[in-house]
Amino acid sequence: MSPGSEVAKSPYTDFERPPGFVYRAAKSAQRDSDNVLHCEDLPLPKLAERYGTPLYVYSTSAIRARLGAFEKAFRNFRHAICYSVKANSNLSILRLLAREGCGFDVVSGGELERVLAAERRAAKKTVFSGVGKTREEITAALKAGILIFNVESESELGALEECAARLRKMARVALRVNPDVAADTHPYIATGLHKHKFGVPIDRACTLYAKAAAAKYLKVAGVSVHIGSQITDPAPFGEAMARVADLVKALRSDGHTIDYVDTGGGLGISYQEAENDFETYVENYARAVTQPLRDLNVQLLLEPGRAIVGPAGVLLTSVLYRKQNDSKRFLIVDAAMNDLIRPALYGAYHKIVPVVQLGSRKTDGNSVKREMVDVVGPVCESGDFFARDRELTEVKEGDLLAILDAGAYGMALASNYNTRPRPAELLVSRKSVKVIRRRESVQQLLGNERV
Ligand SMILES: *Cc1c(COP(=O)(O)O)cnc(C)c1O
């Protein structure tokens with residue numbers, strides 16, 4: 001793959017996600033003045049040509065830089081980053097993060113298997129969360145020797161005790177407490193209120209800790225919280241940690257050893273426009289989280305997911321058809337809600353940009369044409385859209401669009417609805433690219449079925 005490009009001063013700041021995705025003047029473009037979106041050193045049109053669309057493309061350096069921002073922000077506090085596997089669970093991404101020293105947060109036996117397949121030694125830095133762990137999953141995690149179980153109910157505590165006793169293995173336990181803190185996010189991804197199914201009410205926690213401490217094969221070791229996802233204001237994190245700090249003090253005075261505070265994940269990203277300074281943003285988050293805990297001498301377990309991988313990935317798609325129904329103009333693209341469900345599920349906003357910007361389209365001397373469109377997929381649901389009434393630069397049939405910030409909860413939530421094979425995934429590192437998941441075939445989809 002020849003990169004054949006140079007860094008150009010870009011007028012497209014809002015459309016870029018450096019260091020992963022930036023526009024560059026590409027020699028390979030039809031006209032000198034074209035600016036082409038690159039993933040690191042590779043032009044996206046080349047990747048689309050070679051691997052087809054729809055296509056997920058991730059940037060190694062973006063993932064590393066984002067992880068680095070967390071490490072830097074928490075450098076003065078004992079901590080481990082336990083990347084939340086559910087945000088993007090591709091094995092190569094897990095391996096990349098493990099090599100950078102990450103642990104993991106898993107919410108199923110399947111995710112645990114992924115961690116073990118990516119890096120066996122990461123088990124000892126892995127935490128197991130989730131409201132419905134089965135005994136099989138608990139047993140697998142005990143055998144793997146994970147760091148700690150985030151237990152979410154009294155019944156689960158009983159199940160964990162039973163499994164641990166059968167294996168004669170100690171299980172380290174944190175209770176996931178529900179701090180009853182409201183966070184400004186979509187109702188489906190808020191988790192920190194008493195009305196939500198998650199955790200145990202913080203005022204019931206002491207009783208459950210006493211129960212755990214009395215069990216022979218359970219070892220009380222921490223407290224955990226997770227108040228929701230896509231939260232961009234640091235204040236609710238601080239509030240939750242203040243309540244956790246009080247609980248830690250109460251538990252210690254009851255005689256429990258609390259070594260760990262698991263702060264959950266949930267730090268949001270900027271879907272609407274470019275982030276201006278991610279490092280400062282994470283520093284502010286770190287200050288809110290650590291301030292209430294500073295005198296407690298605990299190790300923090302951080303579980304970021306979206307903030308690490310979200311802006312590090314795009315979903316590349318081709319415009320199949322343009323279509324006008326009365327006053328509505330549609331761009332029908334080859335990606336659909338099965339590939340990226342966030343707009344359909346949460347009404348989520350993703351920025352959509354043409355992969356080749358202008359230059360060539362300015363040949364008639366006019367300025368670039370903008371138009372109001374709905375960007376929709378081929379699936380038979382009106383919810384199958386990526387944007388509604390969005391003003392975009394005019395594009396032609398066959399042109400490529402990049403749906404930005406698709407690295408988290410994109411492929412992880414993809415399905416085979418409409419018998420659509422899921423996209424391939426690529427991981428780019430400077431001038432090299434690796435297919436980290438092959439495109440599915442219809443044959444594979446039919447493989448488990450019998451007639
Ligand atoms: C989903 C989840 C996370 C990660 O959330 P992000 O918003 O992706 O950072 C972390 N911890 C738990 C327990 C979760 O359920």
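Residue numbers restart at each chain and count upward from 1, following the sequence in its written direction. With pLDDT at 70 or above as the cut-off, local features in this predicted model cover only qualifying residues; side-chain atom pairs require 80 or more to be listed or tallied, and sums for whole chains, interfaces and linings still use all residues. The side-chain numbers reported here are obtained from all heavy atoms of the structure, hydrogens and water having been left aside.

### Quick look at the domain arrangement of the chain
Applied cut-off: The domain limits used here are those given by an automatic or database domain assignment. Here, two residues are considered to be in contact whenever any of their heavy atoms come within 4.5 Å of each other. By convention, the term buried area covers the 1.4 Å-probe accessible surface removed from two parts as they join, with the contributions of both added. Whenever a carboxyl oxygen of Asp or Glu lies within 4 Å of a side-chain nitrogen of Lys or Arg, that contact is scored as a salt bridge. N or O atoms closer than or at 3.5 Å make up a polar contact, with two conditions inside protein: a donor-capable atom paired with an acceptor-capable one, and, for residues adjacent in sequence, both atoms drawn from side chains. A run of DSSP states H or I qualifies as a helix once it reaches four residues; a run of E qualifies as a strand once it reaches two. Both are numbered from the N-terminal end. Nonpolar residues are Ala, Val, Leu, Ile, Met, Phe, Trp, Tyr, Cys and Pro. Charged residues are Asp, Glu, Lys and Arg, and all others, Gly as well, are polar.
When cut into domains, the chain gives domain 1 (6-58 + 313-446) and domain 2 (60-310). One C-alpha centre belongs to domain 1, the other to domain 2; they are set 33 Å apart. With 28 residues of domain 1 at the contact, the number on the domain 2 side is 24 residues. A buried area of about 2200 Å², summed over both sides, lies between domain 1 and domain 2, and 51% of it is on carbon and sulfur atoms. Interface area lost by domain 1 to domain 2 is led by Y346, Y349 and Y409, which between them contribute 27%. Counting every contact that joins domain 1 to domain 2 gives zero salt bridges. Taken together, the links from domain 1 to domain 2 amount to 13 residue pairs in polar contact (both at pLDDT 80 or more). Broken down by secondary-structure element, the contributors of at least two residues to the side of domain 1 that touches domain 2 are α11 (342-346), β22 (424-429) and β23 (432-437). In terms of residue count, the dominant contributor to the side of domain 1 that touches domain 2 is β22 (four residues). Looking at the side of domain 1 that touches domain 2, its residues break down into twelve nonpolar, six polar and ten charged.

### Considering the side chain of R390
Let me state the cut-off plainly: The buried label applies to any residue whose accessible area, calculated with a 1.4 Å probe on protein chains only, is under 20% of its type's maximum; exposed applies above 50%, and partly exposed to all values in between. Positive charges are assigned to Lys and Arg, negative charges to Asp and Glu, while His and the chain termini are left out of the count.
By the secondary structure assignment, R390 is in strand β20 (residues 385-393). The side chain of R390 sits in the buried core without any salt bridge; D374 is the nearest counter-charge, 8.5 Å away.

### Points about the side chain of N88
By secondary structure assignment, the location of N88 is in the loop between β6 (79-84) and α3 (91-99). Sequence-distant contacts of N88, defined by excluding residues within four places in its chain, comprise Y58, Y83, I93, L94, V309, G407, A412 and E425.

### A word on unusual backbone geometry
In this structure, P19 follows P18 across a cis peptide bond, with omega equal to 5°. Examined against the element boundaries, P19 turns out to sit in the loop between β1 (5-7) and β2 (21-26). The residue after T53, namely P54, is reached through a cis peptide bond having omega -5°. Note that P54 resides in the loop between α1 (44-51) and β5 (55-59). Non-glycine residue D326 carries a positive phi angle of around 50°. Counting through the fold element by element, D326 comes out in the loop between β15 (313-325) and β16 (328-333). Judged by its relative accessible area of 76%, D326 is exposed. Phi at D405 takes a positive value of approximately 60°, unusual for a residue other than glycine. Mapping D405 onto the fold places it in the loop between β21 (400-403) and β22. Overall, D405 belongs to the buried group, its relative accessible area being 1%.

### Some thoughts on helix α9 (residues 278-290)
Counted only if it meets this: In this scheme, a helix's expected span is set at 1.5 Å multiplied by one less than its residue total.
In this model α9 runs 18 Å from its N-terminal to its C-terminal C-alpha over 13 residues, within 8% of the 18 Å that 1.5 Å per residue would give. Turning to α9, its buried residues number three or more, namely F278, V282, Y285, A286, A288, V289 and T290. Contact partners of the buried residues in α9: α2 (60-73), α8 (235-253), β13 (260-264), β14 (299-302) and α10 (306-309).

### So, the pairing of strand β9 (residues 148-151)
This is how it is decided: Note on pairing: two strands pair once DSSP finds at least 2 bridges between them. Every crossover in which the path from the first strand over the helix to the second runs clockwise, viewed with the strands pointing away from the viewer, is termed right-handed.
Neither face of β9 is open: one carries I148 and N150, the other F149 and V151, and all of them are buried. Here strand β8 (residues 126-128) runs beside β9; their pairing, made up of two bridges, is parallel. Bridging from a neighbouring strand, V127 pairs with I148 of β9. What joins β8 to β9 is helix α5 (residues 135-144), and the crossover it makes is right-handed. In terms of strand pairing, β9 meets strand β10 (residues 171-178) through three bridges, oriented parallel. Across the sheet, residue F149 finds its bridge partner in β10, namely V173.

### Quick notes on the nonpolar core
Note the threshold: Residue types Ala, Val, Leu, Ile, Met, Phe, Trp, Tyr and Cys, when buried and joined through side-chain atoms within 4.5 Å, form a set referred to as a nonpolar core.
F70, F149 and V375 are the most contacted members of the largest nonpolar core, which has 109 residues in total. With eight residues, α8 is the single largest residue contributor to this core. Structurally, this core is a two-domain feature, drawing no fewer than three residues from each of domain 1 (6-58 + 313-446) and domain 2 (60-310). Residue contacts for F70: discarding those within four places in its chain leaves I81, L267, F278, V282, Y285, P304, A307 and I308. Core analysis: the next-biggest nonpolar cluster, separate from the first, contains 23 residues, F15, F21, L47 and A402 among them.

### Some points on the confidence of the model for the chain
Stated precisely, the cut-off is as follows: Looking at any residue, its pLDDT shows the predictor's confidence there, from 0 to 100.
Here the chain shows a mean pLDDT of 93. Residues at 70 or above account for 94%. Looking at the elements of the chain, mean pLDDT is at its lowest for β1, recorded as 48, and at its highest for β5, recorded as 99. Overall, residues 1-8 carries pLDDT values under 50, and its contacts beyond four positions in sequence, including any with other chains, amount to 24 contacts.

### Observations regarding the pattern of salt bridges
This structure, assessed with the given rule, holds 23 salt bridges. In this structure, R24 and D41 form a salt bridge, with 3.3 Å as the shortest nitrogen-oxygen distance. Here the residue R24 occupies a position in strand β2, and D41 occupies one in the loop between β3 (35-39) and β4 (42-43), the gap between them amounting to 17 residues. D41 matches R24 in its accessibility class, with the two residues each being buried. Shared partners join several salt bridges into a network, and the residues in it are R135, E162 and R166.

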